[in-house]
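Examination of the molecular architecture
Here is how the chains run, residue by residue.
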Amino acid sequence: MAIRPKKNSINTLMIIYNMKNKEIIKNKEKRKAPGFSMKNAIEKGYSLIKSGEYAAGVGCIEKIAADDPGVMLDYFLIGYGYKMTGRYDAALKYFKRAKLQDKKDIEIDKNIGEMYFRQKKYKQAIKVFSRLIKKAPLDSGPYKIMGDAYKDLGDEDKALECYLRAKGKGAKDIETDKIIIRIYYKRKMYKELILMLMDCLADKTTDESAADEFKLMLSRADSEYGMEFYGHGNKEYPLSLLKGHLKLLDEKKDVFAYNKILNTIELLERRTVLRSKPLQASLHLTTKCNLKCIMCDFYQYDFDITEKTAEEIMELFPYLESIEWLGGEVFFSKHFERLFNSSLSYKNITSQIIFTNGLLLSEPFIEKCVKHGVNIFFSIDSVNKKNYEKIRRGARFEDLIHNLNLMALYRKKYGYKNTLLLNVVIMNCNYKEMPELLDFAKKHGFSIVEFSEKVERHEQKNAGNIRYNPAAIKYLHKVLPGIIKRAEELKISINLGHFYPDIDITKQVKKIEKINDKYPKIDMNYLNDKNSNISYTDYTYRTRLSYCHSPWNSFQLMIDGSIRPDCTCKVSCGDFNKQPILKIWNGPVMQEYRKTLIERSGPGICPRGCFEKRNVNKDGC
């Protein structure tokens with residue numbers, strides 16, 4: 001928040017100036033050419049600054065200051081004018097000069113502190129404001145700036161303390177409220193978060209746009225808080241909390257928030273037929289692709305979603321909080337651009353991931369993704385040009401690097417709003433590049449690297465899969481500890497979620513988790529636990545409830561026309577080319593998935609390995 005001098009404070013300074021310097025002005029006017037009035041010149045500069053013509057006003061007063069050194073008003077106004085034109089270094093210089101003339105003026109100190117902050121000299125800014133706090137009580141502005149300074153320095157505790165003190169000063173500042181709310185959510189301070197959200201929503205001065213945002217956050221906070229209590233055995237309180245807040249919402253107006261809370265209630269009540277709509281969607285739009293990769297056979301299939309399916313997807317946008325866009329290559333789908341552009345207009349869709357080889361990303365599209373915080377999952381299997389182009393047949397390594405450089409350019413411009421993920425399919429032809437791939441990831445701004453196994457299909461059986469290569473297994477046994485150590489050094493999270501059963505990494509899992517907890521993860525914003533945390537062994541997910549949530553909150557459109565709760569689910573819930581998506585959502589097979597997970601007497605239609613890993617006991621706690 002900019003700290004500006006009050007209009008009456010400038011007027012007071014002008015009066016003081018006129019009283020103290022009446023004789024000086026009179027004497028200087030005698031030495032000037034006929035018709036010149038220093039007083040008029042000062043007032044002209046003051047008038048220009050007051051009217052917003054800061055550059056002209058600064059120029060006018062600065063000339064007089066050169067003739068009359070030591071006059072406080074000139075330095076203060078010149079500093080203020082420079083500040084308003086964005087020249088913070090010059091502003092700081094003149095505010096310091098003004099301070100020499102009046103060491104007790106708090107307004108000057110405030111502006112000096114702000115100028116340090118604007119130049120990203122955070123420690124100096126904090127020092128100035130901390131000294132001021134000891135002398136006299138301050139308004140909310142300096143505390144807000146100190147909070148921003150501590151936040152940029154990485155001290156979230158001090159930042160929160162300053163933001164709360166700013167809020168305690170009574171000034172209504174919706175942006176400060178939003179920052180506090182984000183910190184509360186990040187730190188899982190659900191009780192404080194919910195109380196603050198309720199206060200903000202009860203405040204009649206909260207504008208409609210902010211109120212809508214607060215309702216979205218309240219629904220998420222309620223759901224996570226409720227799950228946390230339920231997971232610890234308290235089953236009554238979370239349900240009463242959720243149902244109480246549900247009554248405060250309008251089902252037609254507060255569409256997402258209402259559906260989110262209702263979905264959590266139905267999950268906790270273990271319902272098999274749901275009123276709520278899905279929250280997450282993974283959408284395979286096409287199998288068409290610009291490449292013919294050696295480990296993939298998608299390009300051999302002929303699949304595209306229909307206009308009818310595209311319309312059904314759009315009808316779900318008001319309810320969704322996350323979307324994954326998959327191909328083939330999504331840019332070959334005639335529906336993708338329209339669907340994607342429409343999704344960006346929904347505030348409730350807070351997380352999107354595009355899975356791509358990255359070669360068809362245009363510069364305008366890259367800027368759009370970065371600006372809107374859309375995460376990109378690149379598929380790159382080699383850092384060696386020859387090997388890369390051998391694996392990804394039809395690709396040019398130079399095109400990939402060009403697009404990665406454009407991505408870096410716009411991420412820097414917009415403040416790194418999105419997350420970059422790197423998927424590497426490990427095969428016989430590239431397994432020795434794993435250490436190099438981590439360095440490549442760091443260089444190009446990737447936060448997460450996922451090493452995945454080659455999927456075997458039909459005639460490809462055993463082709464390129466390292467699990468049938470003893471030399472490769474021996475090599476990975478040797479280098480895996482070094483890869484984990486290197487990831488820690490580079491501050492990159494790694495995912496070994498579908499790594500090879502021949503390699504025992506159980507001793508490394510805790511170490512990987514400890515490393516990954518320190519560093520950026522993709523913000524899937526309230527996805528079910530299998531997506532919101534990095535996984536390290538097959539189907540090992542951290543859940544608050546001890547059974548899989550997927551049939552209650554997510555669905556996947558598959559390339560065979562089927563809908564499934566998750567890509568690991570083997571039994572189709574229905575064909576979306578023949579039935580509406582929402583009919584399949586509550587159809588008999590989806591109900592059977594929910595029933596199987598509730599009863600947990602056996603895997604039923606769930607894959608046995610998945611069921612055993614993701615479901616703990618029959619009580620659900």
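Coordinates for the structure precede this section.
So, here's what we can say about the structure.

Conventions and cut-offs
Residues numbered from 1 in each chain as written. Predicted model: local features only at pLDDT ≥ 70, side-chain atom pairs only at ≥ 80, totals over all residues. Heavy atoms only, no water. Helix = DSSP H or I, 4+ residues; strand = E, 2+ residues; numbered from the N terminus. Contact = heavy atoms within 4.5 Å. Areas by Shrake-Rupley, 256 points an atom, 1.4 Å probe, with all protein chains shown as cover. Axes fitted to C-alpha atoms, helices over the stretch in contact; angles between N-to-C directions. Parallel < 35°, antiparallel > 145°, perpendicular 65-115°, else oblique. Left-handed = near helix turned anticlockwise from the far one by under 90°. Nonpolar A, V, L, I, M, F, W, Y, C, P; charged D, E, K, R; others polar. Salt bridge = Lys/Arg side-chain N within 4 Å of Asp/Glu carboxyl O. Phe/Tyr/Trp six-rings, centres within 6.5 Å; stacked < 30°, edge-to-face > 60°. Buried < 20%, exposed > 50% of the residue type's maximum accessible area, 1.4 Å probe, protein only. Core = buried A, V, L, I, M, F, W, Y, C linked by side-chain atoms within 4.5 Å. Pairing = 2+ DSSP bridges. Expected span 1.5 Å × (residues − 1). Arc of directions from axis to C-beta.

Bringing the overall build of the chain into the picture now. In terms of helices and strands, the chain carries 28 helices and nine strands. Long-range pairs, those at least 24 residues apart, make up 65% of the contacts in the chain with a sequence separation of at least 6. With an accessible surface of roughly 29100 Å², the chain has 52% of that area assigned to carbon and sulfur atoms.

To continue, consider the packing of helix H6 (residues 88-101) against helix H7 (residues 106-118). With their axes 9 Å apart at the nearest point, H6 and H7 run at an angle of 155 degrees to one another. Relative to H7, the element H6 is oriented roughly antiparallel. Here H6 and H7 pass one another in a crossing that is left-handed. Within the contact between the two elements, H6 uses Tyr88, Ala91, Leu92, Phe95, Lys96, Ala98 and Lys99 and H7 uses Ile108, Asp109, Asn111, Ile112, Met115, Tyr116 and Arg118. Residues belonging to the contact of H6 with H7 are distributed by class as follows: nine nonpolar, one polar and four charged.

Under the criterion given, the structure shown has 30 salt bridges. Between Glu367 and Lys413 there is a salt bridge, and its shortest N-O distance comes to 3.6 Å. One end of the pair, Glu367, is in helix H18 (residues 363-371); the other, Lys413, is in helix H20 (residues 397-414), with 46 residues separating them in the sequence. Ionic contacts of the salt-bridge type, sharing partners, join the residues Lys385, Glu389, Arg396, Glu398 and Asp399 into one network.

Here the focus is the packing of aromatic side chains. Under the definition given, this model contains 19 aromatic pairs. Ring centres of Tyr82 and Tyr94 lie 5.7 Å apart, and the angle between their planes is 25 degrees; on these two criteria the pair is classed as stacked. Of the two residues, Tyr82 is situated in helix H5 (residues 72-84) and Tyr94 in helix H6; the sequence distance between them amounts to twelve residues. Assigned by exposure class, Tyr82 and Tyr94 land together as buried.

On to the side chain of Thr309. As for its position among the elements, Thr309 is in helix H16 (residues 307-316). In this structure Thr309 touches Leu557, Phe576, Asn577 and Ile581, once residues within four positions along its chain are discounted.

On to the environment of Leu193. Within the secondary structure, Leu193 sits in helix H12 (residues 190-202). The exposure class assigned to Leu193 is buried, which follows from its relative accessible area of 0%.

Our next topic: the side chain of Arg564. With respect to the helices and strands, Arg564 occurs in strand S9 (residues 563-564). Its relative accessible area of 13% is what places Arg564 among the buried residues. Beyond its immediate chain neighbours, meaning those up to four positions away, Arg564 contacts Phe555, Gln556, Met558, Cys569, Lys570, Val571, Ser572 and Cys573.

By size, the foremost hydrophobic cluster in this structure holds 99 residues, and its most contacted members are Trp325, Ile354, Phe378 and Phe451. In terms of residue count, the dominant contributor to this core is helix H22 (residues 470-490) (eight residues). In contact with Phe378, not counting residues within four places along its chain, are Thr356, Asn357, Gly358, Leu361, Leu400, Leu404, Met407, Leu420, Leu421, Leu422, Asn423 and Phe446. Within the second largest apolar cluster, 59 residues are counted, among which are Tyr75, Leu77, Tyr94 and Tyr225.

Here nine strands make up an open sheet; going across it, the order is S7-S6-S5-S4-S3-S2-S1-S8-S9 and the pairing mixed. Each edge of the open sheet carries a strand with a single partner, namely strand S7 (493-495) and S9. In this structure, strand S3 (residues 351-356) lies alongside strand S4 (residues 375-379), joined through four bridges in parallel fashion. Residue Ile354 lies in a different strand from S4, and its bridge partner there is Ile376. Most of the contacts of H20 go to S4, to which it runs at about 160 degrees, and overall it touches S4 and strand S5 (420-426).

For H12, built from 13 residues, the straight-helix expectation of 18 Å at 1.5 Å per residue is met to within 8% by its first-to-last C-alpha distance of 18 Å. Within the span of H12, buried status applies to Tyr190, Leu193, Ile194, Met196, Leu197 and Cys200. With its buried residues spanning 165 degrees around the axis, H12 presents them on a single face. Facing away from the buried side of H12 by over 90 degrees, the exposed positions are Lys191, Leu195, Asp199 and Ala202.

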